[in-house]
Amino acid sequence: MSAPWLLAMGCVVVASSLFLIKRNMLPHPPGPRPLPIIGNLFDLPKEASWLTYTEWAKTYGDIVSVSVLGQVIVVANTAKVAKELLEKRGTIYSDRPSIPFYDMMKWDWFLATAHYSDEWRTGRRILDHGMRPAAVLKYRGLQIDRTRAFLKRLLTHPEGFRDHIGHLQGEIIMSLVYGYDVQEHNDRYLNIAHAAVALAAESSLPGAAIVNVFPFLRYFPGWLPGMGFKALALKGRELGEEMVTAPFEFVKAQMRQGTARPSFTVDSLQEYDDLGGGPEHAERTVANVAGSLYMAGADTTSAGISMFFLMLLMHPDVQKRAQAELDAVVGRERMPTYEDRPNLPYIEAVCKELLRWKMVAPLGIGRATTADDVYQGYFVPKGAIVLANSWAILHDASTYPDPDEFKPERFLDADGSVRDDPALSAAFGFGKRICPGRHLVDTTMWIVAACVLSVYGIRPAKDEHGQDMIVKPDFTGALVSSPKPFRCSIAPRDGVAEKLILGYVRDKSE
Ligand code: HEM
């Protein structure tokens, strides 16, 4: 190689080294002052961390960072920052952090926590196609049917409303994903799925399982004290595998017999018989994606519907206005259907406000960077965990005055028509990993809200002295935020409503 070439290459090496040194010398985004070695370990909130991050934004600004035992965590507190990082720079901000406990359970089938890889991209393609608005449209009949069954269960056993909400959600997802009718009690597939969801909820947060904080512990023998997580991980592995394969095998058997109902799995198997790795790989990919739908969709939608009941209890005025709209547009002789939706702007506004008010996923699901980055003069290292604080975005008082109040009117124009608010999509995340179930959530929440309001009144439960019980709303503070158990009275609005509820007959075609 000639001397000028060597010189030129030398200059490039020196320049890029200087550039890298300079980048590394840039500060991380601002945040509370870290202690040596442990960093901000003691600053990290244990519950409802989105509220603390929102407070920090007032002191440190739109982008905040902390560091815990060397792990940098960056929080985007405005839509602008979240979009610039997670959307515009999506190629390096779309990975998920490693969760050692999930690795031990071998839950690489679960799309929501999967690394940003070719395998994820393939699964996501299948998911986006099968859950696009036009595809979800096909399942409206079953959403209506399962919602009406839910209304009937509420009549016979109103105090079990949280269980009924969980069952409704399970029914909708299992019939949509597998064309499978869940049993009224003790359903085999739902039991497996519930056990897996519960195990995941317990273990996914750093600190919940000690191995997530000290990953090297996974190599210690299981008989040592404190190593109980190893047996739990093994159970999680078996549960995960059963959850993915058991209902999938059910669909395949039905397909062989020619009795399979239309479903996400049937459609996907027909559409993607080879994804470049042979038919077995294609089948396993579809099975993984189908399993991920239940895992990611069940608790979240149940939480959203539970918030709806809590909101009705706290806001009799909203209930009254929504029922007046339903009575005027739909009348009392029938239940609302999706055809009524364009004529019910107040119900629409209630559903929008529900997404914003007490959010189900206020911090979304953490991302991880796959390369070093510099943003607004701050250094964001490769491997940083990045959180989009959708709570801060949707509770910014300059856009949503009185942000903690439930005010559907904020989504209505002066003439009563619905005001579109693209910022609301922050409730479902950003960019490449935005929630693929959002179109299903939209139609499920709407039909449940419209049908419940049309026939039921939600009021305070009575105490032993016949006085109204006062509910202090409280929420679980983890990844999925859901109302803690609360009591309320759920009764048909009148005899006409009761007749409508009882008039439901199962539609076997859905
Ligand atoms: C109220 C209900 C729901 C809310 C608020 C919600 C919210 C979210 C959020 C914030 C994310 C993370 C997005 C990001 O990283 O930017 C997410 C991911 C996801 N959601 Fe939902 N979700 C809901 C219901 C559902 C349902 C019903 C399904 C499926 C049936 C579903 C499937 C998924 C999946 C598979 C992911 C992972 C996507 C990926 O990593 O590529 N979600 N959801």
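In case you missed it, the structure is sitting above this.
Everything in this summary refers to the structure shown in the same document.

What counts as what
- Residues numbered from 1 in each chain as written.
- Predicted model: local features only at pLDDT ≥ 70, side-chain atom pairs only at ≥ 80, totals over all residues.
- Heavy atoms only, no water.
- Helix = DSSP H or I, 4+ residues; strand = E, 2+ residues; numbered from the N terminus.
- Rg over C-alpha atoms; globule rule 2.2 N^0.38 Å.
- Buried < 20%, exposed > 50% of the residue type's maximum accessible area, 1.4 Å probe, protein only.
- Contact = heavy atoms within 4.5 Å.
- Areas by Shrake-Rupley, 256 points an atom, 1.4 Å probe, with all protein chains shown as cover.
- Pairing = 2+ DSSP bridges.
- Axes fitted to C-alpha atoms, helices over the stretch in contact; angles between N-to-C directions.
- Core = buried A, V, L, I, M, F, W, Y, C linked by side-chain atoms within 4.5 Å.
- Phe/Tyr/Trp six-rings, centres within 6.5 Å; stacked < 30°, edge-to-face > 60°.
- Salt bridge = Lys/Arg side-chain N within 4 Å of Asp/Glu carboxyl O.
- Arc of directions from axis to C-beta.
- Lys, Arg positive; Asp, Glu negative; His and termini not counted.
- Left-handed = near helix turned anticlockwise from the far one by under 90°.
- Nonpolar A, V, L, I, M, F, W, Y, C, P; charged D, E, K, R; others polar.
- Near = heavy atom within 4 Å.
- Polar contact = N/O pair within 3.5 Å; in protein donor to acceptor, adjacent residues only side chain to side chain.

## A word on the overall build of the protein chain
Part 1 of the reasoning: Per the secondary structure count, the protein chain includes 18 helices and eight strands.
Part 2 of the reasoning: For 510 residues, the compact-globule estimate of 2.2 N^0.38 gives 24 Å, and the C-alpha radius of gyration of the protein chain, at 25 Å, lies within 12% of that figure.
Part 3 of the reasoning: Buried residues in the protein chain amount to 50% of all 510 residues.
Part 4 of the reasoning: Counted over contacts in the protein chain with a minimum sequence separation of 6, partners at least 24 positions apart contribute 74%.
Part 5 of the reasoning: For the protein chain, the exposed surface amounts to about 24,100 Å²; the carbon and sulfur share of it is 59%.

## Topic: the sheet that holds strand β1 (residues 63-68)
Backbone-to-backbone hydrogen bonds join strands into a sheet, with any given pair of strands oriented parallel or antiparallel.
Part 1 of the reasoning: Here four strands make up an open sheet; going across it, the order is β1-β2-β6-β3 and the pairing mixed. Strands with a single pairing partner mark the edges of an open sheet, and in this sheet they are β1 and β3 (367-368).
Part 2 of the reasoning: Across four bridges, the pairing between strand β2 (residues 71-76) and strand β6 (residues 385-388) is parallel. Of the residues in β6, the one forming a bridge with Ala 76 is Ala 388.
Part 3 of the reasoning: Lying over the sheet, helix α2 (residues 49-60) contacts β1, β2 and β6, oriented at roughly 115° with respect to β1.

## A closer look at the nonpolar core
Generally speaking, a soluble globular protein has its nonpolar side chains buried in company with each other.
Part 1 of the reasoning: Of all hydrophobic cores here, the largest spans 152 residues; its most connected members are Phe 264, Phe 309 and Val 452.
Part 2 of the reasoning: Here this core takes 18 residues from helix α13 (residues 278-314), the largest share from any one element.

## Brief notes about the packing of aromatic side chains
Part 1 of the reasoning: Applying the stated rule across the entire model yields 17 aromatic pairs.
Part 2 of the reasoning: Centre to centre, the rings of Phe 150 and Phe 309 are 6.4 Å apart; their planes meet at 85°, and the pair counts as edge-to-face. You can see Phe 150 sitting in helix α7 (residues 140-156) and its partner Phe 309 sitting in helix α13, a full 159 residues away along the chain.
Part 3 of the reasoning: Given the relative accessible area of 0%, Phe 150 is considered buried.
Part 4 of the reasoning: What makes Phe 309 buried here is its relative accessible area of 0%.

## Comments concerning the pattern of salt bridges
Part 1 of the reasoning: Tallying each qualifying case throughout the model produces 27 salt bridges.
Part 2 of the reasoning: Between Glu 184 and Arg 153 there is a salt bridge whose closest N-O contact spans 2.6 Å. A residue pair is termed long-range when its members are at least 10 positions apart, and Glu 184 in the loop between α8 (161-178) and α9 (188-203) and Arg 153 in helix α7 qualify at 31 residues.
Part 3 of the reasoning: On the basis of relative accessible area, Glu 184 is assigned to the partly exposed category, the value being 43%.
Part 4 of the reasoning: Look at the salt bridges and you will find they share partners, linking Asp 145, Arg 146, Asp 181 and Arg 261 into a network.

## Here we look at helix α3 (residues 79-88)
Part 1 of the reasoning: For α3, the set of buried residues is Val 81, Ala 82, Glu 84, Leu 85 and Leu 86. The arc enclosing the buried residues of α3, seen along the axis, measures out at 165°, which places them on a common side. Facing away from the buried surface of α3 by more than 90 degrees, the exposed residues are Lys 80 and Lys 88.
Part 2 of the reasoning: Tucked inside the fold, the buried residues of α3 contact β1, β2, β3, β4 (373-375), β6 and α16 (390-394).

## A short note on the side chain of Lys 352
Part 1 of the reasoning: Here Lys 352 is to be found in helix α15 (residues 345-356).
Part 2 of the reasoning: The side chain of Lys 352 sits in the buried core without any salt bridge; Asp 420 is the nearest counter-charge, 4.0 Å away.
Part 3 of the reasoning: Lys 352 has contacts with Phe 411, Val 418, Arg 419, Asp 420 and Leu 424, leaving out every residue within four places of it along the chain.

## What to know about the packing of α9 against helix α11 (residues 228-257)
Part 1 of the reasoning: Where α9 contacts α11, the two axes come as close as 9 Å, and the packing angle between them is 145°. Viewed along their axes, α9 and α11 form a crossing whose handedness is left-handed. In this structure, α9 contributes Arg 188, Tyr 189, Ile 192, Ala 193, Ala 195, Ala 196, Leu 199 and Glu 202 to the contact, and α11 contributes Leu 232, Gly 236, Leu 239, Glu 242, Met 243, Ala 246, Pro 247 and Phe 250.
Part 2 of the reasoning: Tallied by class, the residues present in the contact of α9 with α11 amount to twelve nonpolar, one polar and three charged.

## A short note on the site of the ligand
Part 1 of the reasoning: Taken together, the neighbourhood of the ligand is formed by 27 residues, with Arg 96, Arg 124, Arg 367, Arg 433 and Cys 435 sitting nearest.
Part 2 of the reasoning: The contact in question runs from an oxygen atom of the ligand to an N or O atom on the backbone of Phe 430, over 3.0 Å.
Part 3 of the reasoning: Elements represented by at least two residues in the shell around the ligand include exactly α5 (118-130), α13 and α17 (438-455).
Part 4 of the reasoning: Examining the composition of the shell around the ligand, we find that five residues originate from one element, α13, more than from any other.
Part 5 of the reasoning: Grouping the constituent residues of the shell around the ligand by class yields 17 nonpolar, six polar and four charged.

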